[in-house]
Every structure is written in structure tokens, then in C-alpha cells.
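Summary of the model geometry
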Amino acid sequence: MSGPRIFCVANQKGGVGKTTTTVNLAAGLAQIGQRVLVVDLDPQGNATMGSGIDKRALEATVYDVLLESTTVADARRRSPEGGYDLLGANRELAGAEVELVELERRERRLKAALQAAQADYDFVLIDCPPSLSLLTLNGLCAAHGVVVPMQCEYFALEGLSDLVNTIKQVHANLNPDLQIIGLLRVMYDPRITLQQQVSDQLKAHFGDKVFDTVIPRNVRLAEAPSYGQPGVTFDPVSKGAQAFVAFAKELVARLG
Ligand code: ADP
Ligand code: MG
């Protein structure tokens, strides 16, 4: 296969662990020798800050790339600790939603931009905003697959059906390559019976699509962003860091 594997990390709910998954999977993949680009598609810019790059000081962001005023090669920056490149975002990106509507190929802009940089990477990970917006659509059109982080809570399964339907629609109408790579259980606490039950339901319903690796609730993962780095590099021996490195290995092994 030529070119990088391009994956969206998506879930239309906020606060479910998308950004934590994106930056830690990126750092985990980098640690096992993969060349990785993270694309921050969320105007909150959390993946940018959490990679040690000040979103307020960016000269160019994914916004400029979507509007074709710059290229990925010119706008990307190196995460100082993460070991990967990042195409950053900040509040400016919120405006892209409105501006893109007017443009041609409005949902395929990211895909086109990434093609020019494809020789440089083994993986591109796209951190999506918590919505099924035109920005997320750009991510889904550019990607081969979707990694869905989820908390094993009561309403998690309900929210999942909206995302699964959106992915089906994008697959049918815009991007025949798109598939669900897998569901990643995050912030998992096995002592909570409900979480075990939801986890079992998830496996019954989605089978192989549920990754074997489980990401535990771990405070070091939550602390790392304020130090401008992924948990994987911030505290490599923590349970959370080790889980994300294991997840990176599982993902590479699954892709064969
Ligand atoms: P999203 O990008 O989906 O909005 P985040 O990745 O920002 O979600 O996570 C939401 C919050 O939960 C953040 O404060 C983050 O630090 C915290 N968090 C995420 N994963 C874990 C985990 N495994 N253990 C502890 N805290 C976590
Ligand atoms: Mg986020």
C-alpha cells in the first residue's frame, strides 16, 4: 500500500477522549518507529497545545490549508516531545465552517492537501471536533478509517449509532474507502460494574471491531497536556502511557 494510513479519531460527543487518544496514539506510534502527522481539526486547538505547540503563536494552521493559502509542508510543526509532526488549529478554524460552504470541493479540501505530503508519513491521525460538521466531513473524506474512543457509560451505545450512520453515509456517497477501524474503550475503570456491562455489550454487538487494548482512567494522562506533551512521553511508566503504547502496537499488528 502506498501512502500513509489516514485515520480520523471521531465521536460526536465532547470530552470522551478523542484528543487524548490522538496525541498519545501518535506518540506511541512514533515510539515504535512510525512517521506520524497529527491534524488538529478542532477549533479548540487542544491537540495542538497538548503537543507542546502554542496555538496562539501559529503562523499557519489547518484553516489556511483548507482555504488553500498554504500547504501542509509549510504549515506543519514538530511536536517537541511527541516525536511527530502537527498541523495545528486555533479559534480561527471555527470560521472555516462558514467559509467552506461557499467553496467548491468543500468537503474534499483536506484530502487534497494531505496528498501532497503523503510521502512523508506512515500514519496521519485527524483529531475531529465533537460534531458531525463540515470540518468532520473533511476528515472523514480524507480518511481510510475511523478510530472511535468511547467511555463505557450508559448512553455511549446510543451516541454510537449516530456516528455509525454518518460513517455509512459518507462511505456510500463520498468516500468508498472509509471504514470503522475499531472502537477503543477509554477512561475505563473495571471496578465499576456498569462499565463492565457496557463493555460486554460492546463486544457482543461489534465483535472484532472492539480493540483488545483498554485505556484505563489514569490521572497522568489528564495532567500531561498542561506540560505540553502526550502522557506517553510525560510519564512513560504510567499505566495510561503503557496502554497507549500497547494500543499503537495492536493497531500496527492489526493492519498487518
Ligand atoms: P475530547 O477530545 O473527546 O473532548 P479529551 O481527550 O480532551 O476529550 O478528554 C476529556 C478530558 O478527560 C480531558 O481533561 C482529559 O485529560 C481527560 N482524559 C482523557 N482520557 C483520560 C484517561 N484515560 N484517564 C484520565 N483522564 C482522561
Ligand atoms: Mg478534543
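Please refer to the structure placed before this passage.
Described in the following lines is the structure provided in the data block. (Residues numbered from 1 in each chain as written. Chains lettered and ligands numbered in written order. Predicted model: local features only at pLDDT ≥ 70, side-chain atom pairs only at ≥ 80, totals over all residues. Heavy atoms only, no water.)

**Things to note about the site of ligand 1**
- The environment of ligand 1 is made up of 14 residues, and the closest members are Gly15, Lys18, Thr19, Thr20 and Asn218.
- Residue Val16 places a main-chain N or O atom 3.1 Å away from an oxygen atom belonging to ligand 1.
- Separating a nitrogen atom of ligand 1 from a backbone N or O atom of Asn218 is a distance of 2.8 Å.
- Notes on ligand 1: free accessible area 560 Å², of which the protein chains cover 78%. (Near = heavy atom within 4 Å. Polar contact = N/O pair within 3.5 Å; in protein donor to acceptor, adjacent residues only side chain to side chain. Areas by Shrake-Rupley, 256 points an atom, 1.4 Å probe, with all protein chains shown as cover.)

**Section: unusual backbone geometry**
- Of note in this structure, Glu68 is not a glycine but carries a positive phi near 60°.
- In this structure, Glu68 sits in the loop between helix H3 (62-66) and helix H4 (72-75).
- Looking at Glu68, the relative accessible area reads 44%, which means it is partly exposed.
- Despite not being glycine, Arg105 shows a phi value in the positive range, around 50°.
- Along the chain, Arg105 falls in the loop between helix H5 (93-101) and helix H6 (109-115).
- Arg105 sits in the partly exposed class, given a relative accessible area of 38%. (Helix = DSSP H or I, 4+ residues; strand = E, 2+ residues; numbered from the N terminus. Buried < 20%, exposed > 50% of the residue type's maximum accessible area, 1.4 Å probe, protein only.)

**What to know about helix H12 (residues 239-255)**
- Taking 1.5 Å per residue as the helical rise, H12 with its 17 residues ought to reach 24 Å, and the 24 Å between its terminal C-alpha atoms agrees with that figure.
- If you check which residues of H12 are buried, you get Gly240, Ala241, Ala243, Phe244, Val245, Phe247, Ala248, Glu250 and Leu251.
- Gly256, located one to two residues past H12, shows a positive phi value of around 70°. (Expected span 1.5 Å × (residues − 1).)

**As for the environment of Leu174**
- Among the structural elements, Leu174 can be located in the loop between helix H8 (156-173) and strand E7 (179-188).
- In this structure the C-alpha to C-alpha distance between Leu174 and Ala204, which are 30 residues apart in sequence, comes to 30 Å.

**Re H8**
- An ideal rise of 1.5 Å per residue puts 26 Å on 18 residues; H8 measures up with 26 Å between its terminal C-alpha atoms.
- Listed in full, the buried residues belonging to H8 are Ala156, Gly159, Leu160, Leu163, Val164, Thr166, Ile167 and Val170. Here the buried residues of H8 occupy an arc of 165° about the axis, which is enough to place them on one side. The outward face of H8, more than 90 degrees from its buried face, is lined by the exposed residues Glu158, Lys168, Gln169, Ala172 and Asn173.
- Looking at the packing, one finds that the buried side of H8 touches helix H7 (134-142), strand E6 (145-150), E7 and helix H9 (193-206). (Arc of directions from axis to C-beta. Contact = heavy atoms within 4.5 Å.)

**Description of the pattern of salt bridges**
- This structure, assessed with the given rule, holds 12 salt bridges.
- For the salt bridge of Arg108 with Glu107, the shortest nitrogen-to-oxygen distance reads 4.0 Å.
- Overall, Arg108 belongs to the partly exposed group, its relative accessible area being 30%.
- When the shortest N-O distance is used, the salt bridge between Arg254 and Glu250 registers 3.2 Å. You can see Arg254 and its partner Glu250 sitting in helix H12, 4 residues apart, about one turn around the helix.
- Note on Arg254: relative accessible area 36%, which makes it partly exposed.
- Classification of Glu250 as buried rests on a relative accessible area of 11%.
- One salt-bridge network, held together by shared partners, links Glu68, Arg105 and Arg109. (Salt bridge = Lys/Arg side-chain N within 4 Å of Asp/Glu carboxyl O.)

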